[in-house]
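Inside the fold
Each chain, written out:
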Amino acid sequence: MLDVPGRKSVCNEFKEGGGRVAAVMPIHYPRELIRAFGVLPIEVWGPPGMDISYSAAHLQPYVCSMVHNMLAFLKTGGLDCADYIIVPHACDSLQGLGSLLVDFVKPPHPVFPLYMPRGKRPEDVEFFASEFRKLYDWLSSLTGKKPSKDQLMESILREEKADETLARFYDFRTEMSLSVRDFYRVLRTRQYLPAEEFVSFVERVMDEYAGDPPDGVPVIMSGIVPEPMDVLDEIQNLGGLVVDDDFACCGRRVYPAGKSDDPFIRMAERILYGPPDVTRGDLIEERFEHLMEKVKKSGAAGIIFYTVKFCEPELFDLPDMRRRLKEAGIPSVHVEVDINDPLSHQTITRIGAFLEVLV
Amino acid sequence: MGKIAAIGIDVGSTTAKIVGVDEKGEFIWSYIEPAHPRVEDQVDRFLKKLEEENGPIDGIPIVATGYGRNLVHQATRKVTEITCHALGVFRQLGHGGTLIDIGGQDSKVIIIGPSGEVVDFAMNDKCAAGTGRFLENTAGRLMVKLDEMGQLALSSEEEVPISSTCTVFAESEIISMIAHGVRVEPILKGLHRSLVKRVVAMVRSVGLVPPLMLSGGVVKNPAIRKMIEEETGQKVIMPDHPQFMGAYGAALIALRGSRRK
Amino acid sequence: MKRDWRASLRYYWNVKVLGNAYLRWQRWKMERKGPPRKWRTDILAPPLKIGARTKELISRHYLEGRYANGHKPVAWVTSGAPVEILQALGYYVLYPENHGALCGARKVSVEIASEAENAGYSRDICSYARTDIGAMLSGKTPVGKLPKPDLLFACTNICQTVLFWYRVLAEHFKVPLIVIDTPFVYTSPEEHSIEYVKKQLENAVPIAEEVAGKKLDYKKLKQVMRYSRMAADLWLQVMERGKNRPAPISVFDQFIHMAPIVEMRGKPETVDFYAAMLKEVDERIEKGIGAVRNEQRRLLWDNLPIWYKLRELSEYLAERGVAVVASTYTMAWGELAPLIDPEKPFESMARTYIQPILNVGTGKKLEKMKKMIEEFQLDGAILHSDRSCKPYSIGQVDQRNRLIRDYGVPALLLEADHNDPRAYAEEQARARLDAFIEMLY
């Protein structure tokens, strides 16, 4: 397997260099703002395979395993390396997690719950920019720093370059010999590597691994996270090839560059005008059209909707998404997982049967 | 009897099956046993038995399907039970349609196309309440023999609805009813109805394409078939050798593959 | 929205003439009848006389809906939405949540939700949404016929789920969707959040005007807000009467009679209704009538009601001398009354609608529960862990533990669902309730 720097080692290295780390929950938040304070944002997407008896002390069983795991991870020392915790808002469960941390769990880290407006209207951009100004003040009080407008813009440009590299990496995947799993391992370093290191790492990978992509029936995956990552290997074993994705942690966060010279507005624009995301309130039609574009571009034969059990945003969308896709002649399948369970025979069979239909 | 030209093996969670087909794809030999945890050994024995009764099998293509298919090293290819069931039933009955398969641990609805291909499918693979397990559990509690359940259920005019969806809660509900003097037969009828309603909901979710067909272990239960007909208003057709449809389909795929060469 | 004079004619005839007369006669009959045969007069006070009026108002509301399309602009609205703007513009306002609750109470929610489930909507999504989507897809409803919306109006102050739910409705009905996004108040409401809500409200006006085909009359808006405030004040007073020993009404009564404040907030008849209800409640207090005849223990109910088990639970608890006299849920439509300021409509609406209990942090909710326990002199709390309502349910494990540990208040976490009886395990629930009640004595 390709050698990819791990989250924990990146965290330790950054801290040894004198920097501070903010543990950030899903989904959308301004990386550039946090970096401008010399703080590295490291994202927490689970991780999978936790013991939820630690989180069951606060959360009911019908809360998704991602949120359970974030809490269990915190309680078992997983976030000890971080100095701060930021909890963005994406759904009722993350809202609850943020509130629980602030009021009841009270970790030693200062906690900042960050609200996200649901829309792309001018008032949404303005509000988001105000939330970021609030975050600026909070980080300022904790670090003693006050980055200037120029420093903020510098940080923004650095993140925009990293996102542009990310977009290029996506485009380049049909010209690389990477396995699907390795492709995603590299891609997901965006969740924790400093932007400039991400850029050089990805450019190196694109150089070293230029070649023919693996064979397989082309499919697109859509959902929240590709966890457990074993699923990517399994899809390859079953004769499929993931050629693009609409994952909340990956494809939905290939943010465009912003336009404004007000740094806070620009940060808000980047997120709100990004690829369609149900948690941002984007209409079903938008997500459908976005997926169809991906299908056309990649030549995918079908779509695997891969969701975490209890994820309401995805579950509301799916029937109409799948209906529209069916009408457009694109087959799809829905697979639900719990990120604490190993990939089940049932899940593999479902995906296998779907790939057999596409052939 | 013709010579065996291809072999299909279906390693399920409760039973393991093997089918041999001739060069025309006719179903000519089969064998079934309760599933053994040591899959490879069981398959070895199956193949030996097949050789003893039919002659050497060197060079004959083998395809494996079912729960334990990845452990069948003797197979040249592994295909999911969805694709195999569809092909087996199609070949057996001569047409496509909607196939309902209620197994011990899961239930499936497969829409079979005009050439035996899978057009769409739905699976209930997470919850015992939509599977044979639901009936098994309760048979145990009510001390009724599993193979008598269906008849007993149909023998009752009255039917007591079971509102719980979860097998565990349904058990509590049933025990409470028995304690209040409700008879076993109406409860059994309600239990079967509950299972069938769940399966029919799955059918509706993919869209019923007539004719309606039924396969799987539960086929022997007359109440299931009758109730599916009641709930859908469609006649239910059952293939011969309903338990072997997966293995049969696998054998056909093996045959197809060898012909291509 | 296209107005059709034939639809208007049908509306006037069926609603204003026939409907009103019939419903008035029904109310007259009901007021003269005693309690229904099945009513447990041995353990409960007879049902409130105002019930006849409640039934009349709600029946009329749905009857209006049946004939509204073509006569008035129709909006489907979330229960916590700033509906005053739409009321002032003359919209007929329908609450899918309330319709869902009605289906739950009438025990038809499973049948209707199954229509949505058969169309692919998972059972893991909110049971109100499934009931509503099922009604939309199949046309099935116990109230005759639901009008199609010309406008969808969703406010996220009760949950994010409404955002996803109303997008599905927008997909199906292909009408404009106005979202009023109310940022969650983790600690205290912030000025930039209030400003954001205010802007959204102001920008919603032209869209609502266009669909309605008329301009907003700001004088009318003030009047609607005045009525809203008056009704909410009266409702608050009704609930506060629960502080009396014995409590004159229980939360089960509140769950039924809250319908007007949710569905018809801003109308003058709602003000009259709660004034009449308050009068009847005060009469009960004078006569020493308690909702539960043998009130020995008093409880708090947290989270939504279990709509399909209202009578059973009320009787079960009353048999054991337990009266549930306060609830965080019904309180939500009264406690913010003081914030409504008709002189500053948009600013006060923003301030009010950002602060219902569902939009405020779990710590604040615990404080509120503790305050209610003190003020109403309560002996314990039932926290309904509603699997369909994550914003209300998340935090309950800690809230329950702290009520017991830090305040010595017995508290029960009861797992169920507000509208889906398939998620209610009868035997297990009884066992828990029994054990809990034993703790109270």
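The structure under discussion appears in the preceding block.
Figured I'd write up the structure that's included with this text. (Residues numbered from 1 in each chain as written. Chains lettered and ligands numbered in written order. Predicted model: local features only at pLDDT ≥ 70, side-chain atom pairs only at ≥ 80, totals over all residues.)

With that settled, consider the overall build of chain B. Secondary structure assignment for chain B yields eight helices and 10 strands. Principal axes of the C-alpha set define a box for chain B whose edges measure 65 × 35 × 30 Å. Here chain B, with 261 residues, has 45% of them falling under the buried criterion. (Helix = DSSP H or I, 4+ residues; strand = E, 2+ residues; numbered from the N terminus. Buried ≥ 20, exposed ≤ 12 C-beta atoms within 10 Å, placed from the backbone.)

This paragraph deals with the pairing of strand β2 (residues 15–21) of chain B. Residues and elements named next belong to chain B. β2 sits mainly inside the fold: six of its seven residues count as buried. Looking at chain direction, strand β1 (residues 6–11) and β2 are connected through six bridges and run antiparallel. Counterpart to I9 in the pairing with β2 is I18. In sequence, β1 turns back onto β2 through a hairpin of three residues. Hairpin remark: β2 followed by strand β3 (residues 27–34), antiparallel, with five residues in the connecting loop; positive phi at G25, about 85°. (Pairing = 2+ DSSP bridges.)

A few words on the interface of chain A and chain B. Each partner contributes to the interface: chain A provides eight residues, whereas chain B provides 12 residues. Split by residue class, the side of chain A that touches chain B holds two nonpolar, four polar and two charged. (Contact = placed C-beta atoms within 7 Å. Nonpolar A, V, L, I, M, F, W, Y, C, P; charged D, E, K, R; others polar.)

In this section: the nonpolar core. Core analysis: the biggest nonpolar cluster contains 339 residues, and I9, A250 and A251 of chain B together with V77, L86, A154 and A381 of chain C have the highest contact counts within it. At 10 residues, the largest contribution of residues to this core is made by helix α9 (residues 218–240) of chain C. Leaving out residues up to four positions away in the same chain, A154 of chain C has contacts with T78, A81, V162, L163, Y166, L177 and V179 of chain C. (Core = buried A, V, L, I, M, F, W, Y, C linked by C-beta atoms within 7 Å.)

Moving on, we get to the environment of V87 of chain A. Residues and elements named next belong to chain A. Secondary-structure assignment places V87 in strand β3 (residues 84–88). Since 26 C-beta atoms lie within 10 Å of it, V87 is described here as buried. Separated by 14 residues in the primary sequence, V87 and L101 place their C-alpha atoms 9.1 Å from one another. With residues near it in sequence (within four places) discarded, V87 still touches M25, L94, L97, G98, L101, V111, P113 and L114.

Take the environment of K145 of chain B next. Residue and element names in this part refer to chain B. As for its placement among the helices and strands, K145 is situated in the loop between α3 (132–142) and α4 (149–154). The class for K145 is exposed, based on 9 C-beta atoms found within 10 Å. Sequence-wise, K145 and K220 are 75 residues apart; in three dimensions their C-alpha atoms are separated by 13 Å.

Further remarks concern the pairing of strand β8 (residues 332–337) of chain A. If a strand is regular, its side chains alternate between the two faces of the sheet. Residue and element names in this part refer to chain A. With six bridges joining them, strand β7 (residues 302–308) and β8 adopt parallel strand pairing. Note on β8: the bridge partner recorded for I304 is V333. Crossover connection from β7 via helix α12 (residues 312–327) to parallel β8: handedness right-handed. (Right-handed = clockwise from strand over helix to strand, strands pointing away.)

Residue and element names in this part refer to chain C. One open sheet holds the four strands; their spatial order is β6-β5-β7-β8, and the pairing between them is parallel. Both edges of this open sheet fall to β6 (322–327) and β8 (411–416), since each of them pairs with a single strand only. Averaged over all adjacent pairs, the angle separating strand axes in this sheet is 30°, with direction ignored. Across six bridges, the pairing between strand β7 (residues 380–386) and β8 is parallel. Counted as the bridge partner of A381 is A411 from β8. In the packing of helix α19 (residues 426–440) onto the sheet, the strands contacted are β5 (297–302), β6, β7 and β8, and the crossing angle to β8 comes to about 170°. (Axes fitted to C-alpha atoms, helices over the stretch in contact; angles between N-to-C directions.)

So, about the packing of α9 of chain C against helix α12 (residues 268–287) of chain C. Residues and elements named next belong to chain C. Running from N to C, α9 and α12 cross one another at 20°; their axes reach a closest spacing of 8 Å. By the criterion of interaxial angle, the relationship of α9 to α12 is roughly parallel. Crossing of α9 over α12 shows left-handed handedness. On α12, the residues touching Y227, M230, A231, L234, W235, Q237 and V238 of α9 are P268, T270, V271, Y274, A275, M277, L278 and V281. For the contact of α9 with α12, a count of residues per class yields 13 nonpolar, two polar and no charged. (Parallel < 35°, antiparallel > 145°, perpendicular 65-115°, else oblique. Left-handed = near helix turned anticlockwise from the far one by under 90°.)

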